[in-house]
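# A closer look at the structure
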Amino acid sequence: MAPQSPSIQSFFQPAAPSKAAHEARPAAVQQPPEPGDGFTEAEKQVHRPSTIEKTWNPPQEYDDVDISDLIPGPGCRTFMGRIVNFFDQQTPSKRPRAAKGCVKMIIKDDTGALTIRLWYANPLPALRLGHLVTIWTSHISNSEHGTFTSSTAPLFTSIFPERDRGCHLMLHEASDDGNLCKAPLGYRPGRPLRDLITLKNFIDGGYDIVGSRILVAVKWIGGRKKVTNKKGLENDVVSVGVFDHTAEATFTLWGPTTVSVTAWKTSQTILLFTSPGWRIDRKAWISLNASTCVDVDPSIEDAEWLRGFAQRITRREHTNPEFPQDIFDFEAALMSPQRVLWTLGDLDEFARAAPGERFMGYLSAIIMELNIVKYERRNMLLCNECCGVPLFANLVSTKCKQCEKQVALRINPRLLGPLIDETGTTTGGKLIVSTRAWEQLLGRTTSELVATSTEELRTIEQRLLFLRVNLVFGWAAEEAEGNVGRLCIWEVHA
Ligand SMILES: [Zn+2]
């Protein structure tokens with residue numbers, strides 16, 4: 001196809017034409033949509049090059065300082081911190097040397113926080129909440145009348161690394177070991193964190209307290225959506241489900257901040273909000289406003305505790321928990337001279353008497369119910385979870401609608417109903433059955449199962465119903481206190 005006549009922009013290409021600049025050029029030539037390369041838009045943004053130099057040599061000496069040591073005035077200073085809030089202000093300008101926009105961000109170390117205006121001419125590398133950065137600057141300012149900065153970060157510095165060689169910003173990726181600048185402001189080891197309240201207290205009116213803080217775990221991560229505002233501008237939005245031991249809320253991220261979620265994991269990532277934006281209707285909604293600070297995975301005891309709590313809850317509520325890999329040594333147990341045949345009654349009694357105990361043995365039980373055809377009809381033969389959201393399909397893998405990754409599915413534990421013996425019964429769908437045991441029971445692999453016709457599945461069901469099977473099982477308590485674990489079936493012999 002013939003290119004159109006050159007536009008004025010084409011005379012002002014950046015010195016080193018980067019891939020980003022190429023992408024930013026107006027789509028003069030209409031091309032058919034390219035097939036996806038398996039990367040999400042967010043992942044591509046993370047690796048998009050910028051014109052801020054990677055290797056920058058300071059032209060003079062810079063004093064290495066903590067943020068709390070900064071005083072307004074001129075002077076070459078450098079400091080590190082993590083991004084705890086940012087938003088992009090585009091400033092359209094036709095002048096080629098002018099900045100195209102400015103990212104206003106708050107960065108904080110263990111001592112204090114500072115507001116930064118980062119001007120840019122070419123697209124910036126993707127920033128994330130929690131990103132570790134080093135700043136070099138020659139001037140620190142005090143905001144007039146506090147209109148520009150927040151009370152948490154009253155001082156500010158304005159930098160334009162692409163035009164001013166006296167200042168620089170470095171984003172740490174590989175050089176971030178995850179330990180620096182992780183303490184929330186005002187934190188003293190061993191003491192409760194100031195102004196920290198539970199999510200329920202926050203929802204019930206604690207949002208009125210100035211500087212109130214909530215500590216939450218990420219429960220699920222929603223898909224990226226495009227929203228068009230009243231001015232016709234498109235903006236990305238991502239919702240993230242968060243919770244603590246008292247309540248749940250939805251955290252909404254807009255625009256460039258949405259890239260942050262690519263580094264987060266459900267039931268693993270902990271967020272500490274200071275002065276979050278909020279809206280409470282039937283549900284609680286949390287967002288970033290100008291003075292909000294978000295510490296990602298702060299290093300405090302409460303975060304450790306909450307992460308443990310979140311993992312216990314999600315493991316218990318997981319649609320299809322994975323067979324525990326390293327807990328049991330079945331090979332040794334099967335070779336052992338003491339192979340114990342248990343009854344379900346003994347098992348129940350023993351597990352309650354010694355909840356922390358871990359043991360293996362044999363069971364002989366009758367299958368009372370099978371739901372293979374039922375779940376095949378519902379397209380739920382296999383299942384798993386991704387981004388905190390259950391996935392079902394009659395397929396060995398499916399794409400997660402949230403993160404767009406391909407997720408391997410395992411056989412739905414609900415295919416197997418209750419088992420009974422002379423002393424007791426199990427709850428249907430609650431067993432954790434190994435892939436090996438499923439193969440032995442169904443006489444086929446997972447991929448063969450999804451290819452089996454409904455008629456044949458019905459035959460399998462009829463053959464297995466009321467069948468007495470011998471099971472090799474393992475038992476381990478899921479939680480420490482009083483909570484009974486789950487029965488893990490390693491092998492099945494008819
Ligand atoms: Zn996912």
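Conventions adopted
Residues numbered from 1 in each chain as written. Predicted model: local features only at pLDDT ≥ 70, side-chain atom pairs only at ≥ 80, totals over all residues. Pairing = 2+ DSSP bridges. Helix = DSSP H or I, 4+ residues; strand = E, 2+ residues; numbered from the N terminus. Core = buried A, V, L, I, M, F, W, Y, C linked by C-beta atoms within 7 Å. Buried ≥ 20, exposed ≤ 12 C-beta atoms within 10 Å, placed from the backbone. Contact = placed C-beta atoms within 7 Å. pLDDT = per-residue confidence, 0-100. Expected span 1.5 Å × (residues − 1). Arc of directions from axis to C-beta.

### A word on the sheet that holds strand 19 (residues 382-386)
The strand order across the open sheet built from three strands is 20-19-23, with neighbouring strands paired in antiparallel fashion. Taken across any chain shown, the strands that pair with only one partner, and hence form the sheet edges, are strand 20 (389-393) and strand 23 (410-411). Relative to strand 20, strand 19 runs antiparallel, the two being bridged by five bridges. In the strand pairing of strand 20, Asn384 is matched with Leu391.

### Let's talk about the nonpolar core
Counting 102 residues, the largest nonpolar core has Ile107, Ala113, Val242, Leu271, Phe473 and Ile489 as the members making the most contacts within it. Ranked by residues supplied to this core, first place goes to strand 9 (residues 213-221) with seven residues. Once you skip the residues sitting within four places of it in the chain, Val242 turns out to touch Val216, Ala217, Val218, Lys219, Ala249, Phe251 and Leu271.

### So, the pairing of strand 5 (residues 132-142)
The sheet contact formed by strand 2 (residues 73-90) and strand 5 spans eight bridges and is antiparallel. Note on strand 5: the bridge partner recorded for Arg82 is Leu132. Here five bridges tie strand 5 to strand 7 (residues 168-172), and the two strands are oriented antiparallel to one another. Opposite Ile135, over in strand 7, you have Leu169 as the bridge partner.

### Here we look at the pairing of strand 9
Burial analysis of strand 9 places nine of its nine residues in the buried class, the great majority of the element. Across two bridges, strand 8 (residues 196-197) lies against strand 9 in parallel orientation. When the bridges of strand 9 are listed, Ile197 appears paired with Ile214. Pairing geometry for strand 9 and strand 11 (residues 234-243), over four bridges, is antiparallel. Across the sheet, residue Trp220 finds its bridge partner in strand 11, namely Gly241.

### Some thoughts on the confidence of the model for the protein chain
Model confidence for the protein chain is summarised by a mean pLDDT of 85, while 87% of its residues fall at 70 or above. Within the protein chain, helix 1 (residues 19-24) has the poorest average pLDDT of any element, 40, and strand 13 (residues 270-274) the best, 97. Low confidence marks residues 10-34, where pLDDT is under 50. Its contacts with residues over four positions away, or in another chain, come to 22 contacts.

### What to know about the environment of Gly429
Following the sequence through the fold, Gly429 ends up in the loop between strand 24 (419-420) and strand 25 (432-433). Given 15 C-beta atoms within a 10 Å radius, Gly429 is considered partly exposed. Put simply, Gly429 and Asn320 are 109 residues apart on the chain and 9.4 Å apart in space, counted from C-alpha to C-alpha. Setting aside residues no more than four positions away along its own chain, Gly429 makes contact with Pro413 and Arg414.

### Overview of helix 4 (residues 301-317)
Here helix 4 contains 17 residues, and its C-alpha end-to-end distance of 25 Å stays within 8% of the 24 Å for a straight helix at 1.5 Å per residue. Looking only at helix 4, the buried set comprises Ala303, Leu306 and Ala310. Buried residues of helix 4, viewed axially, fall in a sector of 60 degrees; they line one side. Exposed side chains of helix 4 directed beyond 90 degrees from the buried face belong to Glu301, Glu304 and Arg316. Summarising the contacts, the buried residues of helix 4 are in contact with strand 9 and strand 13.

### Description of the environment of Glu357
When you line up the elements, Glu357 lands in the loop between helix 6 (344-353) and strand 18 (358-367). A tally of 12 C-beta atoms within 10 Å means that Glu357 is categorised as exposed. Taking the C-alpha atoms as reference points, Glu357 and Ala476, separated by 119 residues in sequence, lie 6.5 Å from one another.

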